[in-house]
Amino acid sequence: MSASVEGDYFAAATAGLSRRSVVEVGDVTELHVVGPNGNVESYTVRFSVTPEHLAKAVLSGRIDGIGKPEQDLLLQIYPNPFKPETWIPYQLSIKHVDSSS
């Protein structure tokens, strides 16, 4: 299933045509955030369904770091082979430094 983000909120229904839930306690749902250009914008977030989620009919969660890569990446060079002007796209991850040591 997929759902569009409205502001900072999105919702996706997990019920069948008979209006019965298609998820059960213990099921794991995965969330992938994909931007309008088709790029993956966050790491995969996994949620485990609990009895409280089913009772409230809501499974909520927070996604941090959207658009921030988890690892350094060197992407496809353009054009290849090289021309007088060449683009070398890359992404740098955010490294957390422990200042207490």
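Residues numbered from 1 in each chain as written. Predicted model: local features only at pLDDT ≥ 70, side-chain atom pairs only at ≥ 80, totals over all residues. Heavy atoms only, no water.

From N to C terminus, the protein chain includes one helix and four strands. Going from N to C terminus, the protein chain has its helices and strands arranged as β-β-α-β-β. Expressed as a percentage of the 101 residues in the protein chain, the buried residues total 10%. Expressed as a percentage of contacts within the protein chain between residues at least 6 apart in sequence, the contacts between residues at least 24 apart total 22%. Carbon and sulfur atoms make up 54% of the accessible area of the protein chain, which amounts to about 9000 Å² in all. (Helix = DSSP H or I, 4+ residues; strand = E, 2+ residues; numbered from the N terminus. Buried < 20%, exposed > 50% of the residue type's maximum accessible area, 1.4 Å probe, protein only. Contact = heavy atoms within 4.5 Å. Areas by Shrake-Rupley, 256 points an atom, 1.4 Å probe, with all protein chains shown as cover.)

Inspection of the secondary structure puts Ala12 in the segment before strand S1 (28-31). Ala12 sits in the partly exposed class, given a relative accessible area of 37%.

Quick look at a nonpolar patch on the surface now. Among the surface-exposed residues, Leu74, Phe82, Ile88, Tyr90 and Leu92 lie close enough to one another that they form a single nonpolar patch of about 620 Å² accessible area. In this fold, Ile88 is placed in the loop between strand S3 (73-74) and strand S4 (90-91). (Patch = residues over 30% accessible without salt bridge, like charges linked within 9 Å, V, L, I, M, F, W, Y side chains within 5 Å. Salt bridge = Lys/Arg side-chain N within 4 Å of Asp/Glu carboxyl O.)

This brings us to the pattern of salt bridges. As a working rule, side chains carrying opposite charge can pair if their charged atoms are close by. The tally for this structure, following the rule as stated, stands at one salt bridge. Two residues, Glu30 and Arg46, come together in a salt bridge whose shortest N-O distance is 3.0 Å. Linking Glu30 in strand S1 with Arg46 in strand S2 (residues 45-48), this pair joins segments that are 16 residues apart in sequence.

Position of Thr44 relative to the elements: it lies in the loop between S1 and S2. Along the sequence, Thr44 and Val33 sit eleven residues apart, while their C-alpha atoms lie 7.9 Å from each other.

Structural measurements only, silent on function.
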